[in-house]
Amino acid sequence: MESEVQLERFCRICTGDLVVLKKREVFGVSMKLYGYGRVTKVCYDEENIRYLEVDWSEQDAIIEVPLMGCNSTVDIKSMADVEAEMPDQFFEWIGT
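Residues numbered from 1 in each chain as written. Predicted model: local features only at pLDDT ≥ 70, side-chain atom pairs only at ≥ 80, totals over all residues. Heavy atoms only, no water.

> Got a minute to help me understand the overall build of the chain in this structure?
In terms of helices and strands, the chain carries three helices and four strands. Of the regular secondary structure in the chain, the N- to C-terminal order runs α-β-β-β-β-α-α. Along the longest, intermediate and shortest principal axes, the C-alpha atoms of the chain span 40 × 25 × 25 Å. A total of 96 residues make up the chain; the buried ones form 25% of that total. (Helix = DSSP H or I, 4+ residues; strand = E, 2+ residues; numbered from the N terminus. Buried < 20%, exposed > 50% of the residue type's maximum accessible area, 1.4 Å probe, protein only.)

This is how it looks when you write it as structure tokens:
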């Protein structure tokens with residue numbers, strides 16, 4: 001809530017979007033992916049604060065992949081960018 005940029009990015013997430021939990025691993029090189037899910041609903045609490053309901057997939061593994069804009073808390077990427085930058089391991093991990 002303190003960062004207007006982060007809040008604006010978060011508010012662009014819509015129902016049906018894929019959310020991936022990530023953390024930079026090796027600075028400038030790689031990131032680890034911890035989980036993923038599809039947004040099923042955009043909600044607001046009593047104080048009109050936006051939150052997401054997500055159908056999280058069961059995760060058996062944490063994978064390390066090339067870094068892809070992992071410096072922000074919320075970093076939205078197009079599917080075309082993901083397809084161009086992620087290795088086959090990523091797509092196997094999400095089951096596609």
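> I would appreciate a short explanation of the environment of Val82 in the present structure.
As for its position among the elements, Val82 is in helix H2 (residues 79–85). Spatially, the C-alpha atoms of Val82 and Gly69 are 11 Å apart, while their sequence positions differ by 13 residues.

> When you look at the packing of aromatic side chains in this model, what are you seeing that I'm missing?
Here the distance between the centres and the angle between the planes together describe a pair of aromatic rings. For the coordinates displayed, the defined rule picks out three aromatic pairs. Ring centres of Phe90 and Phe91 lie 5.1 Å apart, and the angle between their planes is 85 degrees; on these two criteria the pair is classed as edge-to-face. Across the pair, exposure class does not vary: Phe90 and Phe91 are buried alike. Here a set of aromatic residues connected by ring pairs shows up, and it is made of Tyr36, Phe90, Phe91 and Trp93. Sitting over the ring of Phe10, Arg50 keeps its end group 5.5 Å from the ring centre. (Phe/Tyr/Trp six-rings, centres within 6.5 Å; stacked < 30°, edge-to-face > 60°. Lys NZ or Arg CZ within 6 Å of the ring centre and 35° of its normal.)

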